[in-house]
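Remarks on the overall topology
Residues per chain, in single letters:
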Amino acid sequence: MGLLRPAARVLDAWGALLLGVAVVLGVMILLATPGPWREVVGAPPADAPEAAPRDVAVFVRGGAEGDDCTAAVWLHVEHEQPSLTAVVVPVQTQVAVPKAGFDRLCRVVRLFGPEQATAALGEALGVSFAGSVSLSAEGLSAAVPTMFPSGDSQRERRQRRAALRAWAGRGDAATVARRQTDQLAEALPRVPLESLSVVAVANYALGSELAESDLDLQQLTALARSAREVRAYAVAVRALPVVRETRGEGVFWRPREGAADRLADCLRLGLRPPRTAVAVTTVERTGGVVVALPAGLGAMAAAEFTEGLRSAVAETAGPGIDVTTARYGWDGSADSLAAIVTVSQPLAVVLVSETRGAGTAYEDAGTTAEGRAATFDCAERLERLHQPAVVVDPVADVPEGDELEATDELERTGLPVVSVRVPGGGAATVASTVPSAADTASAATGTGVTPAGVAADWSEAGAAAAAAAVRACWPAVLAPGLPGTSRGVTFAERRTVEVAVLEGDGAAADLVWLAVCGYMPEAADGDWAPEAGVVRVAHHPGLRRLAVAVAGDLGVTDALVVEDADAPSPVTVVP
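What comes next is a walk through the structure. (Residues numbered from 1 in each chain as written. Predicted model: local features only at pLDDT ≥ 70, side-chain atom pairs only at ≥ 80, totals over all residues. Heavy atoms only, no water.)

Description of the pattern of salt bridges
Counted under the stated rule, the structure contains 16 salt bridges. A salt bridge links Glu411 to Lys99; the shortest N-O distance between them is 3.5 Å. With Glu411 in helix α15 (residues 408-411) and Lys99 in the loop between β5 (94-97) and β6 (101-104), this pair connects stretches of sequence that are 312 residues apart. For Asp510, the salt bridge goes to Arg536, with nearest N and O atoms at 3.2 Å. A residue pair is termed long-range when its members are at least 10 positions apart, and Asp510 in helix α20 (residues 507-516) and Arg536 in the loop between β20 (522-524) and β21 (537-539) qualify at 26 residues. Considered together, Asp510 and Arg536 belong to a single accessibility category, that of buried residues. (Salt bridge = Lys/Arg side-chain N within 4 Å of Asp/Glu carboxyl O. Helix = DSSP H or I, 4+ residues; strand = E, 2+ residues; numbered from the N terminus. Buried < 20%, exposed > 50% of the residue type's maximum accessible area, 1.4 Å probe, protein only.)

In structure tokens:
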């Protein structure tokens, strides 16, 4: 990302203006960096893009840690009939991280950077963002004073402090989002875009490096030309309508279906978006866990898998979490599953794909293009519904010790994928009749399938699927006792932890289990050898929180977690 340098002091030309904190940086970049080429560097380049970008994500990193995202704004610019719309997005909104489930937008910005956060936000809103702008905590401190007159009365000082608190994310999340929207709605229309001197503003961009952006000069030039034509009556500020779902200690924010779509459609069509009376709606999430099983899976295998999953969920979540089953794999079954999810509002969906492997029956029934397409369609529908889910990839006839890798088709679903060993020898059978929607109530009864003997117990596969699901989907409810949950280590953050497992007895089992829990572990060798029986997990300085989460996932007490700067990996597991 290229660094852009806005003014580090109050701009004397702008000092009396009320500038929206999240957009003041965006406006400065749109107007200061490229400018009309004739005023700054001469004629415009010959290959200037014909279609100017319309949508930009603006992130404010105003938290105490310096990299915490405390505000997000979707900035939309219309070019044909110049207008500017700023949509405040609550940073608690859950967005889908590829292969890592849903996580809060603010955490995605911190863990993966503004570029991936912009892509995830675009997927959630159905918007194609051209890029992003990110304002640092220092930039926030420099920008806030420009929102208010330069007076020093008690009221004006109080206003500045309240603005800093709001844009720094202090306070109740819903209240913060409303305050950010209100302040932006008051400030942004008062910016006289048409009167700003590009040369003068460019000269101010010589301060410290307070911001970064991945927009290129051509994109910025096209945006600047349109922004300078925007008049106050063509400026709108809106709040993204969201639903705040709660269950015990768990909270899940998602765009409000219908209202968010109407907002996106209006902006896409160049219309002024409607106002929303209530930006945040709180509802209770009452569902449990839904296991979606393929039509070709035998009844005994389905029953054992479901029972193993049910027992594992009960161990981490305690009583009161219902586990129900559904079948899919025929025309219209994706719609049927979506209807079940919409009505029951489950905490998690475990989507089991067709079994694949070397057995003849599996080759015929489990690796067909239709089976893969059905799983992909269901996964796509779940993500559109903002439904937390994991995909289970059963693999048959795999020798013990061989590494399991998910198929490219399942990886492309974007959901967390868990590959598990299952019995081989053609134990699964194809459904003798196509199930109907009414037959999807319970897999354990074997409705619509021919029972088949199972060579081994599928319950371990169900337990592995549960381990992934309770960490990726509503862990505050499904796995409240795990150290990773109490320390706020999400499934997505587990994907970022550099974990290595030393060679030795039990190393293969640790590698498999850590992968199920969401990590991306690697095997390690070398001369480093801790004292036997004293160290189970070693970590580099400053990483104890993550190391304790790893230990908790392995069922290891904190006493066996030690700091060691010489460990071969940031977090090292000793088998």
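Regarding helix α11 (residues 299-317)
Side chains of residues three or four places apart in an α-helix project in the same direction, reflecting 3.6 residues per turn. Between its first and last C-alpha, α11 extends 26 Å over 19 residues, near the 27 Å set by a 1.5 Å rise per residue. Restricting attention to buried positions, one finds in α11 the residues Ala299, Ala301, Ala302, Phe305, Thr306, Gly308, Leu309, Ala312, Val313 and Ala317. The inward-facing, buried residues of α11 abut β13 (289-294), β14 (323-328), β15 (348-352), β17 (389-396), α16 (459-472) and α17 (475-478). Immediately downstream of α11, the backbone of Gly318 shows phi near 80°, a positive value. (Expected span 1.5 Å × (residues − 1). Contact = heavy atoms within 4.5 Å.)

Considering the sheet that holds strand β11 (residues 250-255)
The sheet built from three strands is open, its strands ordered β11-β10-β12 with mixed pairing. Edge positions in the open sheet fall to β11 and β12 (280-284), since each of these has one partner strand only. On average, each strand axis in the sheet is tilted by 25° relative to the strand beside it, whichever way the strands run. Across five bridges, strand β10 (residues 242-247) lies against β12 in parallel orientation. Along β12, the bridge assignment pairs Thr246 with Glu284. (Pairing = 2+ DSSP bridges. Axes fitted to C-alpha atoms, helices over the stretch in contact; angles between N-to-C directions.)

Considerations on the nonpolar core
Within the largest apolar cluster, 77 residues are counted, with the highest numbers of intra-cluster contacts made by Trp74, Phe305, Leu309 and Val350. The greatest single-element share of this core, amounting to nine residues, is contributed by α16. When neighbours within four sequence positions are excluded, Phe305 is seen to be in contact with Val291, Leu293, Val350, Val352, Val392, Trp458, Ala461, Gly462 and Ala465. Grouped together as the second largest cluster of nonpolar side chains are 20 residues, Leu546, Ala547, Val550 and Ala551 included. (Core = buried A, V, L, I, M, F, W, Y, C linked by side-chain atoms within 4.5 Å.)

Here's the deal with the packing of aromatic side chains
Per the stated rule, a full pass over the model turns up three aromatic pairs. For the ring pair Phe252 and Trp474, a centre distance of 6.0 Å and an interplane angle of 20° mean the geometry is stacked. Highlighted residues: Phe252 in strand β11 and Trp474 in the loop between α16 and α17, separated in sequence by 222 residues. A residue is classified by how much of its surface remains accessible, and Phe252, at 5% relative accessible area, is buried. Looking at Trp474, the relative accessible area reads 6%, which means it is buried. Linked through ring pairs, Phe102, Phe252 and Trp474 together constitute an aromatic cluster. (Phe/Tyr/Trp six-rings, centres within 6.5 Å; stacked < 30°, edge-to-face > 60°.)

So, unusual backbone geometry
We note that Lys99 has phi near 70°; this positive angle belongs to a residue other than glycine. In this model, Trp474 sits at a positive phi of 45°, which is unusual for a non-glycine residue.

Considering α20
Among the residues of α20, those classed as buried are Ala507, Asp510, Leu514 and Val516. Buried positions along α20 lie against β18 (417-422), α16, α19 (491-494), β19 (499-502), α21 (544-553) and β23 (571-573). Looking one or two places after α20, you find Gly518, whose phi comes out positive at around 115°.

A closer look at the packing of helix α3 (residues 105-112) against helix α4 (residues 114-125)
The geometry of α3 relative to α4 is characterised by a closest axis approach of 7 Å and an angle of 145° between their N-to-C directions. Contacts between α3 and α4 involve Leu105, Val108, Val109 and Phe112 from the first element and Pro114, Gln116, Ala117 and Leu121 from the second.

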